Amino acid sequence: MNIEELENDFVKVCKLCLEDENLVNEFCRLKGIKRPDRRSPIEIQIDNACNYDAGMDFMKQFTDFVREFVYMPLLKQQLSL
């Protein structure tokens, strides 16, 4: 596998993980963060006023989580076969 294939696989795994509502909900619970798609209008206004991008913060944390706890274990398992 080359780097491009690994990156494409990681993106696919992230997309699958994002589609799993339970996984996303539990991730948010464990990290103590609110889902960006479930913020109230006032939360959105406050974030905008503070130049805080909740979506980008969520994605950074979520992709780090997926890499460590989903993708790397799958990759190690696949390489050991």
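Criteria and thresholds
Residues numbered from 1 in each chain as written. Predicted model: local features only at pLDDT ≥ 70, side-chain atom pairs only at ≥ 80, totals over all residues. Heavy atoms only, no water. Helix = DSSP H or I, 4+ residues; strand = E, 2+ residues; numbered from the N terminus. Rg over C-alpha atoms; globule rule 2.2 N^0.38 Å. Buried < 20%, exposed > 50% of the residue type's maximum accessible area, 1.4 Å probe, protein only. Contact = heavy atoms within 4.5 Å. Areas by Shrake-Rupley, 256 points an atom, 1.4 Å probe, with all protein chains shown as cover. Salt bridge = Lys/Arg side-chain N within 4 Å of Asp/Glu carboxyl O.

Asker: Whenever I open this one, the overall build of the protein confuses me. Can you help?
Answerer: Within the protein, the secondary structure is distributed over 4 helices and 0 strands. Each helix and strand of the protein, ordered N terminal to C terminal, gives the series α-α-α-α. Its C-alpha atoms give the protein a radius of gyration of 15 Å, clearly above 12 Å, the size a compact globule of 81 residues would have. On the principal axes, the C-alpha backbone points of the protein span a range of 50 × 25 × 15 Å. Within the protein, the fraction of its 81 residues that count as buried is 21%. Excluding contacts between residues fewer than 6 apart, the proportion of contacts in the protein whose partners are at least 24 apart in sequence is 61%. Accessible surface for the protein amounts to roughly 6100 Å². Of this, 57% is attributable to carbon and sulfur atoms.

Asker: I tried to follow the pattern of salt bridges on my own but got confused; where do I start?
Answerer: Oppositely charged side chains can form a pair if their charged atoms are brought close together. Summed over all chains, the structure comprises 8 salt bridges. Here Arg 38 makes a salt bridge to Glu 21, at a shortest N to O gap of 3.2 Å. Taken together, the residues Arg 38 in the loop between helix H2 (21–31) and helix H3 (41–49) and Glu 21 in helix H2 connect sequence positions 17 residues apart. With relative accessibility at 39%, the residue Glu 21 sits in the partly exposed group. A salt bridge links Glu 26 to Arg 29; the nearest nitrogen and oxygen atoms lie 2.7 Å apart. With Glu 26 and Arg 29 both in helix H2 and 3 residues apart, this pair spans about one turn of that helix.

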